[in-house]
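# Descriptive structure summary
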Amino acid sequence: MEFDLSKPQKLLRETARATLTQNYPLERVRERMASDAIHDESLWQIITDQGWVGLNLDESCGGLGLGLVELAVVAEEMGRACLPCPFLATTWAATLLDQAANSEHASTLQSITAGSLKATVALMDQNSDWDIEHVQTQLKPTPAGWQLTGRKTLVLDAAEVDILLCVVRQGLELAVVLVSTTSSGVHCTETRSLDATHKLFDVSFDAVSLSQKDIVAVGDQAREALEYATRVATLATCAEMLGAMQWIREATLDYAKTRKQFDRTIGSYQAVQHQCADMLLMTESARAATYYAAWALTVNAPDGNKAVAIAKAYCSDAGREVAHRGVQVHGGIGFTWEHDLHLFLKRIKVCEFLFGNATWQREQIAKLIL
Amino acid sequence: MDLTLTAEELSFRDTVRGWLRANVPAQWTVSLKDDDSKRAHLEYLRSWQRTLFDGGWAGISWPKEHGGRGVTIIQQSIFQEELALAGAPQQLGVIGEGLVGPTIIAVGKEAQKQKFLKPLLMGEHIWCQGFSEPNAGSDLAALNTKAVLDGDHYVVNGQKIWTSFGHVANWCLLVVRTDPTAPKHKGLTCLLVDMTSPGVAVRPLKMMTGDAEFNEMFFTDVRVPASNVLGQVNEGWGVALTALGNERANLGTALYLMFKRDCDALIVLAATIERNGQPVTKDPLVRQKLAQAHLDLEVFRLNSLRTLSGMNNTHAPGPEGSILKLYWSEMNQRNAQIALEVLGLIGQSWDFDEGRWAFNYLRSRGNTIEAGTSEIQRNIIAQRVLGLPRSY
Ligand SMILES: Cc1cc2nc3c(=O)[nH]c(=O)nc-3n(C[C@H](O)[C@H](O)[C@H](O)COP(=O)(O)OP(=O)(O)OC[C@H]3O[C@@H](n4cnc5c(N)ncnc54)[C@H](O)[C@@H]3O)c2cc1C
């Protein structure tokens, strides 16, 4: 038994860190944030060249055939770089498409892993939460096939991608349908997110016509594929938060070692030291929980699902706390737009709620243990 | 990263499981309601310790020649988890096995290893830790108990305080000052002291729980053979730090057994309690709290596992142990509070569940003081792990 990353996993981490710091320093993140289209084709090229999209999927569909620990390694580095790209959304969608195992869509999946198509999942109806059972949007039969009318909210990166995997009902059955974002009747409206690097959209579907082959999965198959893919995306979100926590923790420690007040570095004051100690405890605990969940889900451990919920609940609370304390230790400079801290604070804040915050996750845990 | 057990670890786990299935008593109580039941409990734990020893399951990470099994730290943590799963009684001597033994193994003379390690594992020697004094708590190196060499004996005079299990221990790891002229960290020595020696007086101190688990100890002209110096004379500070490092790293793992039992028992108990016409486990707020207790404990377990897995490579408990100490002590306080909230007003009663939850709540307040206060742990993390300057 070995909890530490293996040699190849450490190498992957080093490669990811080097690639992202060289190609995407925070100045570039800020440039993207200031522009309308957050997406940057050159960045996507780098990511797909590395094979990171679909890294957790089988080689037969263009993936690298690696596990979720490796996915967590890459997602952590993306969080540490505060990377603005639809990686999370596309990973979610690609995993869903893969799980649905519908041969009609094999080539679409190939295009996603190859980098020519990007995708996301449109899950939540208006006023619903992350529970897939609450989806009500109906797929209606027409003489020619199917028609979709309705509205999905808070869809990650919708206007940045080519494909939406939309969760609907076919009668009473849960179903997943594939809709091109350019289809007529599909409209994306941005819901401006606190975190400009994770964009959210309302997507309306106005009599969008679909054919039988656009139905990716139905019933139990749709549910199982969706549950698994969402778990993988939840895990990647934990890892992103972990990377952001790590950045804040390190930046705060550096600052505590250099900033002087009363002729001493502020890091010599216990009040500041204890903040730094707590930040370490929370970050390392988040790390233990996240990587355990990644491993448990990869090997299909009996507690895999619970482990993901535990990781997300812990990271959601601890991530917020680390971000807040980081700002506090920085004083005034930490509250400015100029300082990079707020980029990470905002990334963490949005991730806290993506896929369910700590309260929501605790209820999932309660369902498993009570 | 691979938490799959190796073939060797798996067969080890199966051996542990088989042995526990055959040997863990189905029914055993932790009733602590009066002195008689406490004494009975102690005797019970002593006989359980003996059963463990006879089965070859005491001090299993210690080298074979010292009565251990020479297993890896990972195997030890597998063992701890299996104990928890089997609902086994806790260890008799947390201080002996977790703190004194590893220190003797690390710095003791061969004759000391021969003399002390086996009886410790058998439950014949119960150890206490004579470190703190009325004027030396967090600032342990300020201690004042003196030892003066007289022939081949040290003569000890002074007072210790807060000594857990001092009233039941027959041996004590004592830190004394042997060179009053040296700077405070340089004149200390560690002694292995027979508690039945003339001149040792132990006076129980009542804790806020009403129990007397810790004590004052008075040493008046107590003669300790010089052969019982642990490590080198005047180098006792390093020895004490070794002991404290082991304590921080090991205590939580040993206590996990009890934390897990409490957490699971609370969930079972909650399901039997009705409030407003439904089981409290249907109440969304209660569900939040129970899930939080469960996840907190699980994150602690994973933290320990990760630290232990790191130690397996280096084999020495570093200052990172402070993270674990800080985590479990504050977690146990959070969870003891959760138990009271879930149970409601009746939960804090001494007449409910034999006062289990009342006791846990009160006892948990000591967790962030014993084995180094939370403030001291945070200082250690900041200064020795993160490299911030000393603040004192
Ligand atoms: C249940 C229990 C069991 C114990 N068992 C044993 C035992 O078996 N053997 C043994 O030797 N001792 C034992 N102790 C004693 C324990 O180790 C001490 O109580 C502890 O180290 C604190 O010392 P103190 O009580 O003198 O408090 P003090 O050191 O006086 O501390 C008082 C307060 O000041 C804070 N403080 C002190 N110094 C600093 C600093 N530098 N920076 C920031 N804050 C500081 C502390 O954190 C605390 O909040 C036990 C204590 C308890 C509660």
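Residues numbered from 1 in each chain as written. Chains lettered and ligands numbered in written order. Predicted model: local features only at pLDDT ≥ 70, side-chain atom pairs only at ≥ 80, totals over all residues. Heavy atoms only, no water.

## Examining the sheet that holds strand 1 (residues 119-122) of chain A
All names here are of chain A. Taking strand neighbours across the sheet as the criterion, the four strands line up as 1-4-5-8 in an open arrangement whose pairing is mixed. Strands at the two margins of the open sheet, each flanked by one partner only, are strand 1 and strand 8 (215-218). Within the sheet, the average angular offset between the axes of one strand and its neighbour, ignoring direction, is 20 degrees. (Pairing = 2+ DSSP bridges. Helix = DSSP H or I, 4+ residues; strand = E, 2+ residues; numbered from the N terminus. Axes fitted to C-alpha atoms, helices over the stretch in contact; angles between N-to-C directions.)

## Description of the sheet that holds strand 6 (residues 186-191) of chain A
In a beta sheet, neighbouring strands pair by backbone hydrogen bonds and run either parallel or antiparallel. All names here are of chain A. In spatial order, the strands read 2-3-7-6; together these four strands make up an open sheet with antiparallel pairing. Whereas interior strands pair on both sides, the edge strands pair on one side only; in this sheet they are strand 2 (139-142) and strand 6. Averaged over all neighbouring strand pairs, the angle between strand axes comes to 10 degrees, with direction disregarded. Relative to strand 7 (residues 200-210), strand 6 is paired through six bridges, and the arrangement is antiparallel.

## Here's the deal with the confidence of the model for chain B
It should be kept in mind that the predicted coordinates are not to be read in detail where pLDDT is low. On average, residues of chain B score 93 in pLDDT, and 97% of them reach the 70 mark or higher. Predicted complex metrics record ipTM = 0.95 and pTM = 0.95. (pLDDT = per-residue confidence, 0-100.)

## Digging into the pattern of salt bridges
Tallying each qualifying case throughout the model produces 43 salt bridges over all chains. Note that R223 of chain A is salt-bridged to D220 of chain A, the shortest N-O span being 2.9 Å. Of this pair, R223 of chain A and D220 of chain A both sit in helix 7 (residues 219-258), three residues apart, which is roughly one turn of that helix. Assessed through its relative accessible area of 52%, D220 of chain A is described here as exposed. For the salt bridge of E240 of chain A with R347 of chain A, the shortest nitrogen-to-oxygen distance reads 3.0 Å. Taken together, the positions of E240 of chain A in helix 7 and R347 of chain A in helix 10 (residues 341-353) put the pair 107 residues apart, joining distant regions of the chain. Considered together, E240 of chain A and R347 of chain A belong to a single accessibility category, that of buried residues. When salt bridges with common partners are traced through the structure, they connect D278, E321 and R325 of chain A together with E330 and R378 of chain B into a single cluster. (Salt bridge = Lys/Arg side-chain N within 4 Å of Asp/Glu carboxyl O. Buried < 20%, exposed > 50% of the residue type's maximum accessible area, 1.4 Å probe, protein only.)

## A closer look at the interface of chain B and chain A
Contacts between the two partners involve 43 residues from chain B and, on the opposite side, 45 residues from chain A. Here chain B packs against chain A, burying approximately 4100 Å² in sum over the two surfaces, 65% of which is carbon and sulfur. One can count three salt bridges joining chain B with chain A. A salt bridge links R287 of chain B to E363 of chain A; the nearest nitrogen and oxygen atoms lie 2.9 Å apart. Our count for the chain B to chain A interface comes out at 22 residue pairs in polar contact (both at pLDDT 80 or more). (Contact = heavy atoms within 4.5 Å. Buried area = accessible area lost by both parts, 1.4 Å probe. Polar contact = N/O pair within 3.5 Å; in protein donor to acceptor, adjacent residues only side chain to side chain.)

## Considerations on the site of the ligand
Near the ligand you find 18 residues, and of these S132, S138, W162, T373 and E375 of chain B are the closest. Residues lining the ligand come from chains A and B. At 3.0 Å, a backbone N or O of F131 of chain B approaches an oxygen atom of the ligand. Between the ligand and N379 of chain B, the relevant distance is 3.1 Å, taken from a nitrogen atom to a side-chain nitrogen or oxygen of the residue. When the free accessible area of the ligand is taken as 960 Å², the share hidden by the protein chains comes to 70%. Sorting the residues of the shell around the ligand by element identifies strand 3 (153-164) and helix 10 (374-385) of chain B as the ones contributing at least two each. Split by residue class, the shell around the ligand holds six nonpolar, nine polar and three charged. (Near = heavy atom within 4 Å. Areas by Shrake-Rupley, 256 points an atom, 1.4 Å probe, with all protein chains shown as cover. Nonpolar A, V, L, I, M, F, W, Y, C, P; charged D, E, K, R; others polar.)

## Some remarks on the pairing of strand 3 (residues 145-156) of chain A
All names here are of chain A. Two elements, strand 2 and strand 3, share four bridges in a ladder whose sense is antiparallel. Looking at the pairing, K140 lines up with Q147 of strand 3. Remark: two residues form the turn of the hairpin made by strand 2 and strand 3, two consecutive strands paired antiparallel. Direction of pairing for strand 3 relative to strand 7: antiparallel, over a ladder of eight bridges. Its bridge partner being in strand 7, K152 is matched across the sheet by V203.

## Digging into the domain arrangement of chain A
All names here are of chain A. Its domain assignment divides chain A into domain 1 (7-114), domain 2 (119-218) and domain 3 (222-369). Placing the centre of domain 1 and that of domain 2 at their C-alpha centroids yields a distance of 22 Å. If you look at the interface, domain 1 gives 25 residues, while domain 2 gives 22 residues. In total, about 1800 Å² of surface goes out of reach between domain 1 and domain 2, with carbon and sulfur atoms giving 72% of it. Linking domain 1 to domain 2 there are zero salt bridges. If you look at where domain 1 meets domain 2, you find four residue pairs in polar contact (both at pLDDT 80 or more). (Domains from an automatic or database assignment.)

## Observations concerning the packing of helix 2 (residues 26-34) of chain A against helix 10 of chain A
Residues and elements named next belong to chain A. Following both chains from N to C, one finds helix 2 and helix 10 inclined at 65 degrees, their axes separated by 11 Å at the closest point. Between helix 2 and helix 10 lies a crossing of left-handed hand. Residues L26, R30 and M33 of helix 2 touch helix 10, and the partners they reach there are H342, L343 and F344. (Left-handed = near helix turned anticlockwise from the far one by under 90°.)

## Digging into the side chain of R248 of chain B
Residue and element names in this part refer to chain B. Within the secondary structure, R248 is located in helix 6 (residues 236-272). One buried charged residue, R248, remains without a salt bridge, the closest side chain of opposite sign being E247 at 6.5 Å. Within the local environment of R248, its side chain forms a polar contact with the side chain of S322, the two groups lying 3.3 Å apart. Dropping the residues within four chain positions of it, R248 is found in contact with G321, S322, K325, A371, Q377 and I380. (Lys, Arg positive; Asp, Glu negative; His and termini not counted.)

## Here's the deal with the domain arrangement of chain B
One can read the domain layout of chain B as domain 1 (7-92), domain 2 (127-239) and domain 3 (251-385). A separation of 30 Å is found between the C-alpha centroids of domain 1 of chain B and domain 2 of chain B.

## Notes on the state of the cysteines
Applying the stated criterion to the full structure yields zero disulfides over all chains. Between C82 of chain A, a free cysteine, and C351 of chain A, which holds the nearest cysteine sulfur, the sulfur-to-sulfur gap is 9.0 Å. By relative accessible area, C82 of chain A is classed as buried at 0%. Of all cysteine sulfurs, the one in C315 of chain A lies closest to C263 of chain B, which takes part in no disulfide; the gap is 19 Å. The buried category is assigned to C263 of chain B, whose relative accessible area is 7%. (Disulfide = S-S within 2.5 Å.)

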